[in-house]
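If you want the building blocks of each chain, they are given just below.
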Amino acid sequence: MKPSISKDLSDSFILTGQQLLFFKEHGFIKLKQVLSEETVNYMNEVISSEVRRLNTQHLPMEERDTYGKAFLQIMNLWTQSPLVKEIVFSKKLAGLATALLGTRGVKLYHDQALYKEPGGGHTPWHADQYYWPLDTDRCVTVWIPLQATPLDMGPLEFSAGSQNLTTGRNKKISDESQALLESTLKEEGFPHIIEPFDLGEVSYHLGWLFHRAGANRTDKMRSVMTIIYMDKDMKLKSPENENQELDWKTWCPGAKPGEVIETELNPELN
Ligand SMILES: O=C(O)CCC(=O)C(=O)O
């Protein structure tokens, strides 16, 4: 990694009081110019090459279900590639997560690349924490597009302020979650934020914040890297559904319910 990229990934990015308040109130924030063009292009090169190497989804689009059409999903790339590890361990990105969560520090829950192919379908409304056996709401995802992402490529969309809504929290990503939340979020009056992302812009959203993405109507891949952080003092909770059971085994193997999560897969990042 070139020193300029390493510096860009480790420099502090200071948030204003207004930005911290925005996140607290709305459960998400979009931040421009977090990463330089050079850094994003490098990340795209390194991560896309791992996605090509590790992808196992080869079904034609028409034979996939809604989840399968939404994206290629490759998880915990940091364990597969030392180059990706340097990126995922970015102190700038982890520092932002810590500041937004208001915690003493963060640990990694897991990373994932989410590549929406040309012609790929929408990502249904959902809240990530349905999948996570985590004891509190102090967990957050940074969504990092690896190119400028216009509206017709399927940028991430947010239901601002929906992190406290309990309806729909028990739904996995599906046609059912999309139908229920499309109407509930409208009825509840949460603003639906749909905006493009500039190159270098990233977003952070809380685990319980409802979000979705549109289809990729372009002929280019919508390449995105995500990193999921949790409070460094996060405890494992007893799983409440089979997906949380699976997440426990996969992302925090050996952690015990009621105890702080401390496994080799969950390093402290700052
Ligand atoms: O990238 C997408 O289409 C969805 C991303 C998402 O749901 C997430 O990062 O939590």
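Asker: Would you mind going over the side chain of threonine 39 in detail, with residue names and values included?
Answerer: When you line up the elements, threonine 39 lands in helix α3 (residues 37-54). Discounting chain neighbours no more than four positions away, the residues touching threonine 39 are Ile5, Asp8 and Leu9.

Asker: I'd like a description of the environment of leucine 35, backed by residues and values.
Answerer: Relative to the elements of secondary structure, leucine 35 occurs in the loop between β1 (28-31) and α3. Judged by its relative accessible area of 5%, leucine 35 falls in the buried class. For leucine 35 and leucine 9, which are 26 residues apart along the polypeptide, the C-alpha to C-alpha distance reads 7.4 Å. In contact with leucine 35, not counting residues within four places along its chain, are Asp8, Leu9, Val40, Met43, Lys92, Ile144, Gly200 and Val202.

Asker: Lay out the environment of lysine 220 with the relevant residues and their values.
Answerer: Relative to the assigned elements, lysine 220 resides in the loop between β9 (211-213) and β10 (224-231). In sequence terms lysine 220 and glutamate 176 are 44 residues apart; their C-alpha atoms lie 28 Å from each other.

Asker: For the pairing of β1, give the residues involved together with the corresponding values.
Answerer: In β1, alternate side chains face the same way, and those of Phe28 and Lys30 on one face and Ile29 and Leu31 on the other are all buried. The sheet contact formed by β1 and strand β8 (residues 202-206) spans four bridges and is antiparallel. Residue pairing across strands places isoleucine 29 opposite tyrosine 204, the latter belonging to β8.

Asker: Pulling in residues and values, what's your account of the packing of aromatic side chains?
Answerer: Summed over the entire model, instances satisfying the criterion amount to seven aromatic pairs. With a centroid separation of 5.7 Å and 80° between ring planes, the pair formed by tyrosine 67 and phenylalanine 71 is classed as edge-to-face. Between the aromatic rings of tryptophan 143 and phenylalanine 197, the centroid separation amounts to 4.8 Å while the plane-to-plane angle is 55°, which identifies the pairing as tilted. Of this pair, tryptophan 143 sits in strand β5 (residues 139-145) while phenylalanine 197 sits in the loop between β7 (192-193) and β8, and the two are 54 residues apart along the sequence. By the ring-pair criterion, three or more aromatic residues cluster together here, those being Phe22, Phe28 and Phe158. Sitting above the plane of the phenylalanine 89 ring, lysine 85 keeps its charged end 5.3 Å from the centroid.

Asker: Break down the site of the ligand for me, citing the residues and quoting the values.
Answerer: Every one of the 14 residues lining the ligand counts as a neighbour, but Thr123, His126, Trp143, His211 and Arg222 are closest to it. Note that an oxygen atom of the ligand is positioned 3.0 Å from one of the side-chain N or O atoms of aspartate 128. Between arginine 222 and the ligand, the recorded distance is 2.7 Å, taken from a side-chain N or O atom to an oxygen atom. Against a free-state accessible area of 300 Å², the protein chains account for coverage of 97% of the ligand. Sorting the residues of the shell around the ligand by element identifies β4 (123-126), β5 and β9 as the ones contributing at least two each.

Asker: Lay out the sheet that holds β9 with the relevant residues and their values.
Answerer: Strand order in the open sheet made by the four strands is β4-β9-β6-β7, with antiparallel pairing throughout. Two strands bound the open sheet, and with one partner strand each, they are β4 and β7. When β4 meets β9, the two strands line up antiparallel, connected through two bridges. Within β9, the position partnered with histidine 126 by the bridge is histidine 211. On the sheet, helix α7 (residues 175-188) packs against β4, β6 (156-159) and β9 and is oriented at approximately 55° with respect to β4.

The rules we used
- Residues numbered from 1 in each chain as written.
- Predicted model: local features only at pLDDT ≥ 70, side-chain atom pairs only at ≥ 80, totals over all residues.
- Heavy atoms only, no water.
- Helix = DSSP H or I, 4+ residues; strand = E, 2+ residues; numbered from the N terminus.
- Contact = heavy atoms within 4.5 Å.
- Buried < 20%, exposed > 50% of the residue type's maximum accessible area, 1.4 Å probe, protein only.
- Pairing = 2+ DSSP bridges.
- Phe/Tyr/Trp six-rings, centres within 6.5 Å; stacked < 30°, edge-to-face > 60°.
- Lys NZ or Arg CZ within 6 Å of the ring centre and 35° of its normal.
- Near = heavy atom within 4 Å.
- Polar contact = N/O pair within 3.5 Å; in protein donor to acceptor, adjacent residues only side chain to side chain.
- Areas by Shrake-Rupley, 256 points an atom, 1.4 Å probe, with all protein chains shown as cover.
- Axes fitted to C-alpha atoms, helices over the stretch in contact; angles between N-to-C directions.

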